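Examination of the molecular architecture
So the chains spell out like this:
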Number of protein chains: 2
Amino acid sequence: MNDVIETILDHRSIRHFEDRLLTDEQIKTIVSCAQAAATSSFIQAYSIIGVKDKAKKKKLAELVGNQDYVEKNGHFFVFCADLYRHTVIGENEQRDVIPSIESTEKFMVALIDASLAAQNAVLAAESLGLGICYIGGIRNNLEEVKKLLKTPERVIPLFGLAVGYPRQRTGKKPRLPFEHVYHEEEYEQNNEVYVQQLREYDKVISSYYEQRTGGKRKDRWSEQMANMLEKQSRMYMKEFISKNKMNLK
Amino acid sequence: MNDVIETILDHRSIRHFEDRLLTDEQIKTIVSCAQAAATSSFIQAYSIIGVKDKAKKKKLAELVGNQDYVEKNGHFFVFCADLYRHTVIGENEQRDVIPSIESTEKFMVALIDASLAAQNAVLAAESLGLGICYIGGIRNNLEEVKKLLKTPERVIPLFGLAVGYPRQRTGKKPRLPFEHVYHEEEYEQNNEVYVQQLREYDKVISSYYEQRTGGKRKDRWSEQMANMLEKQSRMYMKEFISKNKMNLK
C-alpha cells in the first residue's frame, strides 16, 4: 500500500463542505493534474469550467434538482466534452473535420477524455485533504446549464464536481464482487455463477444499509437498480446532443 | 506537491515493457482501485476483462493494428461499458429497464463510469512503478474483439490498457494552455483570445517535436489535429452500438 493507492481506496462522496473556498493555487494544481491524464491521439477534447460566482452556483444547484452542495462548497467545476476547438481548427486549417467531429466515435473519445481528466482532478483534490462529489444532475437540464456557462456548439457539459473541505465523512459503499467485475480471458459465460454473484452482492448491500440506517433501510442492490432504471430519466439527451452538433452519426 | 500529485503529473504513455508479468496480487490491487471510483447513482456500469493468454494477446495486437505492446506487456486489461448485468437484473426483478438501458444517457453513464474506473487503475499501476498505455485501437474492430472476449449484448469494449514494467521512458508532451482548457464562470467568449491561445500552443508543440526529433519533425498541434480529424475513422461505431442493443435512443 502506498499513498496513491491509499487515497484511491479511501474515496467517498462528500456532500457537506466547510464554508471555505479553494485558493487559485489549489484550483490550478487540480486542473493541471486533470490535464496530465492520457488523451486519445492527443486530441484533448474537453474543457473545464470553474464556477465561483455565488448567484451562478445557486442557479446551478436549482437546475440539478436542489442539491445544496452544488451551491455550498469550496469550488465547483463543470467538465465538458469539447469538440468546438477542433471545429475552429478545421476552419483555420481549411480542412473538413466535420464528419469526424459529428461521429459517435469522436463523441465517445470526448467523453472518455473528459472523464479521465476528471478522475485525475478528483484524486489530486482528495490528496490535498479535500472532498468531492460528482454531480451527474448537471444533465437534468443541459439547455439551461449551457446558457449559464455560455458554452458554444459542440461543447456538452457532462458532469459537475463539487470540491471543498469535508464537513462530514460518510461510509464507503461496498462495490460489486471483484469476480463479477473482473473477468479473466473472457466475459463470464456461466449464467448461474453470474446471477449467484449478484444475489450475494444483494445481501452485502442489504446488510450495509441495514447497519447504516439502524434497520430502517435494507434494499438489495438489484432492487435499487431496478427502481432507478425503471424510471426513464434524461431521455432528451440524444436530441440535445444532435442539436449541439455532436450528432452521434 | 505530494505523492499522488507527483504520480499524476509524471504520467507518460509507455510502449515498451520488460518481459515480466504482473502478479495476481498486483492485478487485484489495480482492479480494486478501479472499483473504488465514483459511479453514477451506484450503477457500476462497467466490466474489466484481463487477458493473459499469449495467443489471445497476439490476436488483439493484430486487431488493433499491429501494436506489439498489446502483445508484449505485463498484463492487458480491456475496459467495457456494461449494461448487461442491469438487463439481467431487470429480468430477475421483472421490471422494464430496457428503455433506460437503451438511452443515450445511460450509454454516457456507462462510458463515464468505465473511464473513471480506468483512470484509478492507471494511477494505482503507476504508483507501483508500472507503466501504462491506453489502447483506443480496440475500437478499430470491435466485432472481432467482442468475439475474442465473448462479451454479451449491451457490453461494449471501450479501450484496452497495456500495463507492465517500463523498458523506456518517453518525454511528457506539453498540454493545451491552462487558460484554454480552464474557463472561469463561462466559456471563453472572445474568439480572438481563443484562437491566439491555439496559435501559441501550436508553437509550443512544434518546438517540442523539433527538439525531440532533432529537427526532423515540427508539426503544429492544429496541423496534427486537422490531419487526424480529416480522416474518418471508426465510422461504424453507431451501427455497432445499436447492434449490441445500446441503442443511443
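Quick notes on the rules
Residues numbered from 1 in each chain as written. Chains lettered and ligands numbered in written order. Predicted model: local features only at pLDDT ≥ 70, side-chain atom pairs only at ≥ 80, totals over all residues. Heavy atoms only, no water. 1 Å grid on protein atoms, 1.4 Å probe; cavity = no way out; pocket = protein on both sides within 12 Å on 5 of 7 lines; lining within 4 Å. Points joined across faces, edges and corners; volume = space filled by probe spheres on them. Helix = DSSP H or I, 4+ residues; strand = E, 2+ residues; numbered from the N terminus. Nonpolar A, V, L, I, M, F, W, Y, C, P; charged D, E, K, R; others polar. Least-squares fit on C-alpha atoms with pLDDT ≥ 70 in both. Contact = heavy atoms within 4.5 Å. Core = buried A, V, L, I, M, F, W, Y, C linked by side-chain atoms within 4.5 Å. Buried < 20%, exposed > 50% of the residue type's maximum accessible area, 1.4 Å probe, protein only. Buried area = accessible area lost by both parts, 1.4 Å probe. Salt bridge = Lys/Arg side-chain N within 4 Å of Asp/Glu carboxyl O. Polar contact = N/O pair within 3.5 Å; in protein donor to acceptor, adjacent residues only side chain to side chain. Pairing = 2+ DSSP bridges.

1. Details of empty space enclosed by the protein
Applying the stated rule across the entire model yields three cavities of 30 Å³ or more. Estimates place the volume of the largest cavity at around 40 Å³. Along its surface, the largest cavity is lined by V195(A), L198(A), R199(A), D202(A), S222(A), I89(B), N92(B) and E93(B). Every element with two or more residues in the lining of the largest cavity is listed here: α9 (191-213) of chain A together with α4 (84-92) of chain B. Here the residues of the lining of the largest cavity sort into three nonpolar, two polar and three charged.

2. Some points on the relation of the copies chain A and chain B
The two copies are related by a screw motion: chain A maps onto chain B through a turn of 180 degrees and a shift of 0.0 Å along the axis, at an RMSD of 0.0 Å. The transformation relating the two chain copies, once decomposed into turn and shift, fits a two-fold axis. Considering only C-alpha atoms, the part of chain A nearest the rotation axis is V4(A), at 2.5 Å. Residue by residue, 100% of the interface of chain A is reproduced at the interface of chain B, so both copies engage with the same surface.

3. As for the nonpolar core
The biggest cluster of nonpolar side chains holds 170 residues, and the ones touching the most others in it are F77(A) and F77(B). Once residues lying within four places of it in the same chain are set aside, the contact partners of F77(A) are I27(A), I30(A), V31(A), I48(A), I49(A), G50(A), F159(A), G160(A), L161(A), V163(A) and Y182(B). Counting residues in hydrophobic clusters, the runner-up holds 14 residues, among them V4(A), C33(A), I8(B) and A124(B).

4. Topic: the interface of chain A and chain B
With 120 residues of chain A in contact, the opposing surface of chain B contributes 120 residues. The three residues of chain A that bury the most area against chain B are F42(A), E185(A) and Y187(A), which together make up 8% of that side's buried surface. Across the chain A-chain B interface, the total number found is 12 salt bridges. A salt bridge links R234(B) to E105(A); the shortest N-O distance between them is 2.8 Å. Counting every contact that joins chain A to chain B gives 63 residue pairs in polar contact (both at pLDDT 80 or more). Looking at the side of chain A that touches chain B element by element, the count peaks at 15 residues for helix α6 (residues 104-127) of chain A. Looking at side-chain class alone, the side of chain A that touches chain B contains 61 nonpolar, 32 polar and 27 charged residues. Note that strand β1 (residues 46-51) of chain A and strand β5 (residues 182-184) of chain B share three bridges and pair parallel. When the sheet's bridge partners are listed, G50(A) is paired in β5(B) with E184(B).

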